[in-house]
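Spelled out from the first residue to the last, the chains are:
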Amino acid sequence: MHDVKRRYVIPGDKIAEGNFRPLMNVVKAGNALIATRIGIAETGRDGVKVIPLSGVYIPRVNDLVIGKIVDHSSLSWEVDINSCFSAHLPAQDVFGRDFSPARDDMGRHFATGDMITARIMAFDRTRDPTLTVQDRDLGRIARGETLKISATRVPRLIGKRGSMIQTIEQATQTRVLIGQNGIVVVTGRTPEGIKLAVRAINMVEEEAHTANLTQRIKVLLNVPDTPSQQEASSAPIGGAPRIESASEGVEERLEVEGEK
Amino acid sequence: MSSSRRSTIIVEHLRKQAMWDSLAKGKRLDGRDFSQQRPLEIEIDVIKKANGSARVKLGDSEVIAGIKVSTGEPFEGLENKGALIVTAEVLPTASAHAEPGPPDEEVIELARVVDRGVRESEMIDLDQLALVPGKIVYTIFVDCSVLNADGNLFDATSYAVVASLLTGKLPILEMKDGKVVDTGKTRPMPVTTVPISITAARIGDHVLIDPSSEEEGCMDARITITTTDESFCAIQKGSTGAFTVEQLKKAAETARTKGKEVRAKLKELENNG
Amino acid sequence: MTQTRNLIDSDGKRTDGRGIDELREVKISVGTVKNADGSAFIEFGKNKILAAVYGPREVHPKHMAQSDRCVLRCRYHMSPFSTDTRKNPAPSRREVEISKVMREALEPAVMLEDYPRAAIDVFVEVLQSDGGSRCAGITAAAVALADAGINMRDLVAACAAGKVDEKIVLDINDTEDKEGGADMPVAYMPRLEQVTLLQLDGNLSPDQFGECIDKAVGGCKMVYEIQKQALMQKYFGSETELQEEPQ
């Protein structure tokens, strides 16, 4: 992995010159590749990208998100997904094709203020995102402590193959639901555990770009330094569903340290 | 025309439930007691072009107040008194819900409630501020800008106004050949007393002071009580819910005891300033 | 403009003690408004200016949205206590014009096509004014936009130059603005080497014009270094080089 070159950049910085492909948050100007965001630039064989460290969530099809019902019309719910576009959950998605606004009571399912997990079914430049809750583990969230982190920190919070979040969950006896949009819901056995998990998550957000973050999280959580990754997949706690995103966003993480 | 509306901030049910559970146990979600304010930070004299200024942080609510002294005609019926005008603006920087443009009813209420506390307490002795009685008087503008809004703008703004008046300098003006002349000298503002407002929110059966914006999103009713050392001088009940008389009496007592603490803190600024 | 007194003394010092090519002290801090998506506070001489960015976000009213690009909205506003005599809080014609040129100075750098149907709002609040508040405002706004994580082709740095005692000087202050011979605010994208704001108040000969614009662009480059440092400090602390850890 060390054929990848990394450096800190701000918008307008020249990352590289030559025949590279601009992948993410990079524009090509003549022969130069220019960063368009603040973040960590990576120059690899397949191209040049900038992993951003700030910015609001931009929806992508298939992303799993956590949203808040903020309103409804007679045909759909409006869902705040912490983005520049508010999402719609069509009533048909919940009631089926023969949904009738006159007969079916939408209030029976979701009310303003409810939190839901949903998948982005459709979104493009011309339309607001449409959600679906028709999948296992999607729908209303019954309990838990919510917090908001920058969507750019989500990959770091998940970690390599889920290593970071598993460390936090195990040490604090909690389940952590993470939406790609930066909304996080924590449930757990004890209030102390939840509090500690929230502290750890906040620490990941604030120090996402720094080296040795995993070590420091382990110190905070009082975990011995090198647990075997096999033990990480222990029995689920608390019963809350876990979002494992199919989106490639999870793969783009900000790992700086060389983990084994 | 004022019409009823929904709160601009919708607090999610999970958070509301957590808040209710926590309040039932006597604690707030941020760990505070019901009668505990968020950390209060005051920095004075931040705007050199003003005749007095203060930047107040109450938790994450942040307000800056600046004084501008000029002269003008007295108000009708108050010919021998100077004029004191308090304005407030919630800048569009303050939150995603704040919009530029003329102030809406909430912002106007904010300015008027803060103004009332200063005016009714007679904090500033306006009798000392007439230059030519009936014709020319000092006009003191205290303009407030909310930079970041996280609940209880009433108290944050009020403290900014009081702190800037306590530490401000009144330019000494004189009449020369029918014209107002600035002597270049200053004196302290003619302060007689220090009004302190304490705002409380009722959520269910609980009354808690200094609500954060999240708590305001859950509150049923709000009360702002301004006291001086001696008396109550201004009250404003707000929001759509109601209080029992007992709750109000208790809130009044809290406003007096907490008011004393904040007053002591503000008076320290005056002594150091 | 005609000048009535000397603003540069025999030692070549200006009214505030600077030399003709010297910038006033500039300090930028990033992320100062908690609720905003991006923000910056700049002290540029005696200017104290706050810039906050919200967005990209939904457009209200909806009909203002554009289907193929983002709407950039900009407000430059002065607090009533920011000036020598109290300023009426209602927006003046001057503020409306500055809001417009400020938006047009920032727009070339912002990749609006990346956020169709959305809006980006930039609010610039002058808490204490000094000469050159529009340049300081643009400088802070560009930093706030970068802090908000909005795709940008380049930063925008701004600085004025002008004419005082028939000499071309960098970064006009309040007195020089009011009494001097000319004031030329310039905004500049340092990588793209393009000027995005150019105004002139006063009279310059053709030679002076060339000298003045060169000097202002030179000032923008100095300001850019300060912007860059402020952003780096906020995001990467004292580390300037990314440290790879040994395996």
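Conventions we followed
- Residues numbered from 1 in each chain as written.
- Chains lettered and ligands numbered in written order.
- Predicted model: local features only at pLDDT ≥ 70, side-chain atom pairs only at ≥ 80, totals over all residues.
- Heavy atoms only, no water.
- Helix = DSSP H or I, 4+ residues; strand = E, 2+ residues; numbered from the N terminus.
- Rg over C-alpha atoms; globule rule 2.2 N^0.38 Å.
- Areas by Shrake-Rupley, 256 points an atom, 1.4 Å probe, with all protein chains shown as cover.
- Lys, Arg positive; Asp, Glu negative; His and termini not counted.
- Charge placed at Lys NZ, Arg CZ, Asp CG, Glu CD.
- Domains from an automatic or database assignment.
- Buried area = accessible area lost by both parts, 1.4 Å probe.
- Salt bridge = Lys/Arg side-chain N within 4 Å of Asp/Glu carboxyl O.
- Polar contact = N/O pair within 3.5 Å; in protein donor to acceptor, adjacent residues only side chain to side chain.
- Nonpolar A, V, L, I, M, F, W, Y, C, P; charged D, E, K, R; others polar.
- Pairing = 2+ DSSP bridges.
- Axes fitted to C-alpha atoms, helices over the stretch in contact; angles between N-to-C directions.
- Contact = heavy atoms within 4.5 Å.
- Core = buried A, V, L, I, M, F, W, Y, C linked by side-chain atoms within 4.5 Å.
- Buried < 20%, exposed > 50% of the residue type's maximum accessible area, 1.4 Å probe, protein only.
- Phe/Tyr/Trp six-rings, centres within 6.5 Å; stacked < 30°, edge-to-face > 60°.
- Lys NZ or Arg CZ within 6 Å of the ring centre and 35° of its normal.
- Arc of directions from axis to C-beta.
- Expected span 1.5 Å × (residues − 1).

### Quick word on the overall build of chain B
Okay, so step 1: Tallying secondary structure elements over chain B gives 5 helices and 12 strands in all.
Okay, so step 2: The C-alpha radius of gyration of chain B comes to 20 Å, within 12% of the 19 Å expected for a compact globule of 273 residues.
Okay, so step 3: Projected onto its principal axes, the C-alpha coordinates of chain B cover approximately 70 × 40 × 35 Å.
Okay, so step 4: Summed over its atoms, the accessible surface of chain B is roughly 12700 Å², and 49% of this surface lies on carbon and sulfur atoms.
Okay, so step 5: Each charge class in chain B can be summarised by its mean position, and for the 35 positive and 42 negative side chains these summaries are 2 Å apart.

### Here's the deal with the domain arrangement of chain A
Often, the extent of an interface is quoted as the loss of accessible area upon association of its parts.
All names here are of chain A.
Okay, so step 1: Under the domain assignment used here, chain A contains domain 1 (5-52), domain 2 (64-141) and domain 3 (145-253).
Okay, so step 2: For the pairing of domain 2 and domain 3, the buried interface totals around 980 Å² over both sides, and the portion due to carbon and sulfur atoms is 66%.
Okay, so step 3: On the surface where domain 2 and domain 3 come into contact, there are 0 salt bridges.
Okay, so step 4: On inspection of domain 2 and its partner domain 3, the count reaches 4 residue pairs in polar contact (both at pLDDT 80 or more).
Okay, so step 5: Put simply, the parts of the chain that give the side of domain 2 that touches domain 3 at least two residues each are β8 (64-72) and β11 (115-124).
Okay, so step 6: Classifying every residue of the side of domain 2 that touches domain 3 gives 6 nonpolar, 2 polar and 2 charged.

### Things to note about the sheet that holds strand β1 (residues 5-9) of chain A
All names here are of chain A.
Okay, so step 1: Spatial ordering of the open sheet is given by β1-β6-β7-β3, a layout of 4 strands whose pairing is mixed. Looking at strand neighbours, the two that pair on one side only are β1 and β3 (22-24), the edges of this open sheet. In this sheet, neighbouring strand axes are inclined to one another by 25° on average, regardless of whether the strands run parallel or antiparallel.

### Brief notes about the interface of chain C and chain A
Okay, so step 1: On the chain A side, the residues contacting the 39 residues of chain C number 41 residues.
Okay, so step 2: Summed over both partners, the interface of chain C with chain A buries about 3300 Å², with 56% contributed by carbon and sulfur atoms.
Okay, so step 3: Counting across the interface, chain C meets chain A through 2 salt bridges.
Okay, so step 4: A salt bridge links Lys 228 of chain C to Asp 13 of chain A; the nearest nitrogen and oxygen atoms lie 3.2 Å apart.
Okay, so step 5: On inspection of chain C and its partner chain A, the count reaches 15 residue pairs in polar contact (both at pLDDT 80 or more).
Okay, so step 6: When contributions to the side of chain C that touches chain A are tallied by element, the ones reaching two or more residues are β3 (47-58), α2 (133-147) and α4 (206-236) of chain C.
Okay, so step 7: Ranked by the residues each element gives to the side of chain C that touches chain A, the list is headed by α4 of chain C, at 6 residues.
Okay, so step 8: When grouped by side-chain class, the residues that make up the side of chain C that touches chain A number 16 nonpolar, 7 polar and 16 charged.

### Some words on the nonpolar core
Okay, so step 1: If you look at the biggest cluster of nonpolar residues, it comprises 101 residues, and the most contacted ones within it are Leu 106, Ile 120 and Val 122 of chain C.
Okay, so step 2: Per-element accounting of this core gives the leading share, 12 residues, to α4 of chain C.
Okay, so step 3: Looking at which domains feed residues into this core, each of domain 1 (5-52) and domain 2 (64-141) of chain A supplies at least three.
Okay, so step 4: Dropping the residues within four chain positions of it, Ile 120 of chain C is found in contact with Val 53, Tyr 54, Pro 56, Cys 70, Val 71, Leu 72, Arg 73, Val 110, Leu 112, Tyr 115, Leu 145 and Ile 150 of chain C.
Okay, so step 5: Ile 42, Ile 67, Leu 153 and Leu 165 of chain B belong to the second largest nonpolar core, which has 60 residues in total.

### Quick look at the packing of aromatic side chains
Note on aromatic pairs: each is described by the distance of the centres and the angle between the planes.
Okay, so step 1: Across all of its chains, the model carries 7 aromatic pairs over all chains by this definition.
Okay, so step 2: Plain terms: the ring middles of Tyr 235 of chain C and Phe 236 of chain C are 6.4 Å apart, the flat faces sit at 55° to each other, and that makes the pair tilted.
Okay, so step 3: Take Tyr 235 of chain C: its relative accessible area is 7%, and that puts it in the buried class.
Okay, so step 4: A residue is classified by how much of its surface remains accessible, and Phe 236 of chain C, at 1% relative accessible area, is buried.
Okay, so step 5: Linked through ring pairs, Trp 77, Phe 95, Phe 99 and Phe 110 of chain A together constitute an aromatic cluster.
Okay, so step 6: Note that Arg 55 of chain B overlies the ring of Phe 41 of chain C, its terminal NZ or CZ placed 5.4 Å from the centroid.
Okay, so step 7: It is Arg 86 of chain C that lies over the ring of Phe 141 of chain B; its NZ or CZ is 3.6 Å from the centre.

### Some points on the pairing of strand β8 (residues 179-188) of chain B
All names here are of chain B.
Okay, so step 1: As judged from the 7 bridges shared by strand β7 (residues 169-176) and β8, these two strands associate in the antiparallel manner. Along β8, the bridge assignment pairs Leu 173 with Asp 182.
Okay, so step 2: Once β7 ends, the chain turns through 2 residues before running back antiparallel as β8, passing Asp 177 with a positive phi of about 50°.

### Concerning helix α5 (residues 213-221) of chain A
All names here are of chain A.
Okay, so step 1: Among all positions of α5, only Leu 213, Thr 214, Ile 217, Lys 218 and Leu 221 are buried. Projected down its long axis, α5 shows its buried positions confined to an angular sector of 140°, all on one face.
Okay, so step 2: Buried residues in α5 make contact with α2 (154-158), α3 (163-172) and α4 (191-206).
Okay, so step 3: Phi turns positive one or two residues past the end of α5, at Asn 222, with a value near 60°.

### Here we look at the sheet that holds strand β4 (residues 26-29) of chain A
All names here are of chain A.
Okay, so step 1: Taken together, 3 strands build an open sheet; the order of strands is β2-β5-β4 and the sheet is antiparallel. Both outer strands of the open sheet, β2 (14-17) and β4, are each paired with one neighbouring strand and no more. The sheet shows a mean angle of 25° between the axes of neighbouring strands, taken without regard to direction.

### Section: helix α1 (residues 13-24) of chain B
Okay, so step 1: Here α1 of chain B is 12 residues long and its end C-alpha atoms lie 16 Å apart, about the 16 Å a rise of 1.5 Å per residue gives.
Okay, so step 2: Burial in α1 of chain B covers these residues: Leu 14, Arg 15, Met 19, Ser 22 and Leu 23 of chain B. Buried residues of α1 of chain B fall within an arc of 165° about the axis and therefore sit on the same side.
Okay, so step 3: Tucked inside the fold, the buried residues of α1 of chain B contact β11 and β14 (145-148) of chain A together with β9 (196-203), β10 (206-209) and α4 (213-218) of chain B.

### Overview of the interface of chain C and chain B
Okay, so step 1: Counting residues at the interface gives 27 residues for chain C and 28 residues for chain B.
Okay, so step 2: Across the chain C/chain B interface, buried area totals approximately 2200 Å², and carbon plus sulfur atoms make up 56% of it.
Okay, so step 3: When residues of chain C are sorted by the area they lose upon contact with chain B, Phe 81, Arg 86 and Gln 128 of chain C head the list and together hold 29% of the total.
Okay, so step 4: Across the chain C-chain B interface, the total number found is 5 salt bridges.
Okay, so step 5: Summed over the shared surface of chain C and chain B, the number is 16 residue pairs in polar contact (both at pLDDT 80 or more).
Okay, so step 6: Listed by contribution, the elements that provide at least two residues to the side of chain C that touches chain B are β3, β4 (71-78) and β5 (118-128) of chain C.
Okay, so step 7: The element best represented in the side of chain C that touches chain B is β3 of chain C, accounting for 5 residues.
Okay, so step 8: A class-by-class count of the residues in the side of chain C that touches chain B yields 9 nonpolar, 9 polar and 9 charged.

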